[in-house]
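Descriptive structure summary
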Amino acid sequence: MASLLAGATKTAHSLATSLLSAAEAKVGSTIPLKVPVKEDDAQKTFTFEGIKGKNIFVGVPGAFTGTCSAQVPGYIKAYDQFKAKGVENIYVVAVNDVFVMKAWKEQLAPEGTPVHFISDDQGAFVGALGMLFDASPLLGAPRSKRFVAVTQDDKIIHIAVEPNPAELTVTAAERILPWL
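The paragraphs below set out a description of the structure included in this document. Please read these numbers as outputs of a predicted model, since none were measured by experiment.

Basis of the calculations
- Residues numbered from 1 in each chain as written.
- Predicted model: local features only at pLDDT ≥ 70, side-chain atom pairs only at ≥ 80, totals over all residues.
- Heavy atoms only, no water.
- Helix = DSSP H or I, 4+ residues; strand = E, 2+ residues; numbered from the N terminus.
- Contact = heavy atoms within 4.5 Å.
- Areas by Shrake-Rupley, 256 points an atom, 1.4 Å probe, with all protein chains shown as cover.
- Core = buried A, V, L, I, M, F, W, Y, C linked by side-chain atoms within 4.5 Å.
- Buried < 20%, exposed > 50% of the residue type's maximum accessible area, 1.4 Å probe, protein only.
- Expected span 1.5 Å × (residues − 1).
- Salt bridge = Lys/Arg side-chain N within 4 Å of Asp/Glu carboxyl O.

What follows is about the overall build of the chain. A tally of helices and strands in the chain yields seven helices and seven strands. Written out in order from the N terminus, the α and β elements of the chain read α-β-α-α-β-α-β-α-β-α-β-β-β-α. Look at the contacts in the chain between residues 6 or more apart in sequence, and 68% of them connect residues 24 or more apart. Roughly 8,800 Å² of accessible area belongs to the chain as shown, and the carbon and sulfur atoms make up 57% of that amount.

So, about the nonpolar core. The biggest cluster of nonpolar side chains holds 26 residues, and the ones touching the most others in it are Ile-56, Tyr-75, Phe-82, Ile-90 and Trp-104. Listed by contribution, the elements that provide at least two residues to this core are strand E1 (54–60), helix H2 (66–77), helix H3 (79–84), strand E2 (87–94), helix H4 (98–108), strand E6 (147–152) and helix H7 (173–176). Those residues in contact with Phe-82, other than ones at most four positions away along the chain, are Ile-56, Tyr-75, Val-87, Ile-90, Ala-173, Ile-176, Leu-177 and Leu-180. Grouped together as the second largest cluster of nonpolar side chains are 19 residues, Val-35, Phe-57, Ile-118 and Ala-149 included.

The first and last C-alpha atoms of H2 sit 18 Å apart over 12 residues, in line with the 16 Å expected at 1.5 Å per residue. Looking only at H2, the buried set comprises Cys-68, Gln-71, Val-72, Pro-73, Tyr-75 and Ile-76.

This part is about unusual backbone geometry. For Phe-64, which is not glycine, the phi torsion reads 70° and is therefore positive. Mapping Phe-64 onto the fold places it in the loop between E1 and H2. At Asp-153, a residue that is not glycine, the phi angle is positive and equals roughly 55°. With respect to the element layout, Asp-153 can be found in the loop between E6 and strand E7 (155–161).

Here we take up the pattern of salt bridges. In total, this model carries two salt bridges according to the counting rule given. Linking Glu-24 and Lys-145 is a salt bridge whose minimum nitrogen-to-oxygen distance equals 2.6 Å. Within this pair, whereas Glu-24 is found in the loop between helix H1 (2–20) and E1, its partner Lys-145 is found in the loop between strand E5 (142–144) and E6, the two being separated by 121 residues in sequence. When its relative accessible area of 39% is taken as the criterion, Glu-24 is described as partly exposed. Its salt-bridge partner being Asp-121, residue Lys-38 comes within 2.8 Å of it at the nearest N-O pair. Pair noted here: Lys-38 is in the loop between H1 and E1 and Asp-121 is in the loop between strand E3 (116–119) and helix H5 (124–128), with a separation of 83 residues, a long-range link. Looking at Lys-38, the relative accessible area reads 15%, which means it is buried.

If you want it as structure tokens, here you go:
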């Protein structure tokens, strides 16, 4: 009975991930403008409606995971280099709650950072980008694929998605800077 329930749960997670996720975003796609996300307050949401300029969205599978905690410091350290290339903001987005994202930001940047750590706690933002995958075996639920999207206003002008979300090959900060 337990294996039957486990199998049904796995199937349900995979189905939910498929249903929540749109077709994978590509160059020319529009970012989800009306999907609410959170940054500093669990009770306060905002959207990316009206976003202007060149922005970087760094999607990661999970706060405090090894590869994510190796990737994000590169964006924090290179923030001034991104700004010099005309980037308005860098947003690190994960399917984690706002409390986890705040704690992770404090751990990675105890002196503070202008990089925004965004909680997509329902997975709706990354799902609308087609960037959800079923991470249930390791992380317990659907999570964001590891990706970087460079946008100009609300349009994606460059995008990189890791073939294996546990690896950091095409989405490291030093790989993204030359695109700008």
